[in-house]
Amino acid sequence: MGVEVNRSDASGGEIARFEHPRGSELCCQSGCLRTHGVRCNHIDGRGRRCVTTWCPDHWSSVGGIVYCRRHANTIVAIGGVTNAPLALPDLDNRGPSLVNWVYGDIDSGMQQILTDCVGTGQRIVRDSAVTVVFDTNRRRFWERSWKLLDAVGNSVHRITVAVFEANDALVILRVDDHSIAQGVPPWIDRHRRRVEVTPSADELQRKLFYGFLLEHVPGALVDRLAVHAS
Ligand SMILES: [Zn+2]
Ligand SMILES: [Zn+2]
């Protein structure tokens, strides 16, 4: 075990001191030749452990535990392993981390839309983490929501980003329990087709995808309000 002392903070004080493991594995990052990598600690719901190994420059750590980047994102998305052991996806499933990623990217746009819809006494509440849910056919999916609550805390509407375990590339946006828009994010589509684009093209494609998701929300909320009123 090696000891790493973190850099000083801006005020010159030492901000943390903790041990990092030192392994003897070749880092999996393409082009990285370091040989003191350690293995990702993620174990899925079936007891299988991730086989990838990473050096300190290329691993991610959550709560002091080393993971590959994908599994670190998964653990963060579900709010920690001990929080939700049943929410852990299979090793190769990107569901929870994709939900969290998209939720974070459209969060401010969604809050703007919802703020325009908030009635007197209503408020918006954001889920703090991704949760696992089973539909009526016992199909597993992950979701994270914004909720519109009335004055006494009852849910008026719920807008949800969801990804099914069986199709972990498809992002579904729901209002209450109705799917209003769905699509495969451009970066996943490109990865599948082995296409690369410039950073500015990537940014534009992401913007268009998120705009496509968000533009369906106001109309869907109006429709749901009409259903409530009838
Ligand atoms: Zn590396
Ligand atoms: Zn991993």
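Residues numbered from 1 in each chain as written. Chains lettered and ligands numbered in written order. Predicted model: local features only at pLDDT ≥ 70, side-chain atom pairs only at ≥ 80, totals over all residues.

1. With respect to the overall build of the protein
When you go through the protein residue by residue, the secondary structure sums to five helices and 12 strands. Taken over 230 residues, the protein has a buried fraction of 25%. Nonlocal contacts in the protein, meaning residues at least 24 apart in sequence, comprise 47% of its contacts between residues at least 6 apart. (Helix = DSSP H or I, 4+ residues; strand = E, 2+ residues; numbered from the N terminus. Buried ≥ 20, exposed ≤ 12 C-beta atoms within 10 Å, placed from the backbone. Contact = placed C-beta atoms within 7 Å.)

2. Here's the deal with the nonpolar core
Y67, V99, V102, W142, V161 and V163 are the most contacted members of the largest nonpolar core, which has 37 residues in total. Elements with a contribution of two residues or more to this core: β6 (65–67), α1 (69–77), α2 (95–117), β9 (140–149), β10 (155–164), β11 (167–175), α4 (199–215) and α5 (217–229). Residue contributions to this core peak at seven residues, all from α2. Mapping this core onto the domain boundaries places at least three of its residues in each of domain 1 (1–90) and domain 2 (95–229). With near-sequence residues (within four places) excluded, Y67 lies in contact with C40, N41, H42, W59, S60, V62, A72 and I75. (Core = buried A, V, L, I, M, F, W, Y, C linked by C-beta atoms within 7 Å. Domains from an automatic or database assignment.)

3. Side note on the environment of G79
With respect to the secondary-structure elements, G79 resides in the loop between α1 and α2. On the basis of neighbour count, G79 is assigned to the partly exposed category, with 17 C-beta atoms found within 10 Å. A C-alpha to C-alpha distance of 7.8 Å links G79 and S128, two positions 49 residues apart in sequence.

4. Description of the packing of α1 against α2
Closest axis-to-axis distance for the α1/α2 pair is 8 Å, and the angle between their directions is 70 degrees. As the angle between them shows, α1 and α2 are arranged roughly perpendicular. Together, R70, N73, T74, V76 and A77 of α1 and P96, S97, V99 and N100 of α2 make up the contact between the two elements. Among the residues forming the contact of α1 with α2, the class breakdown is four nonpolar, four polar and one charged. (Axes fitted to C-alpha atoms, helices over the stretch in contact; angles between N-to-C directions. Parallel < 35°, antiparallel > 145°, perpendicular 65-115°, else oblique. Nonpolar A, V, L, I, M, F, W, Y, C, P; charged D, E, K, R; others polar.)

5. Here's the deal with the pairing of β10
Regular strands show a simple pattern: their side chains alternate between the two faces of the sheet. Here β9 pairs with β10 via nine bridges, running antiparallel. Residue pairing across strands places R144 opposite V161, the latter belonging to β10. With five bridges connecting them, β10 and β11 associate as antiparallel partners. Counterpart to T160 in the pairing with β11 is R174. Linking β10 back to β11 in an antiparallel pair, the connection comprises two residues. (Pairing = 2+ DSSP bridges.)

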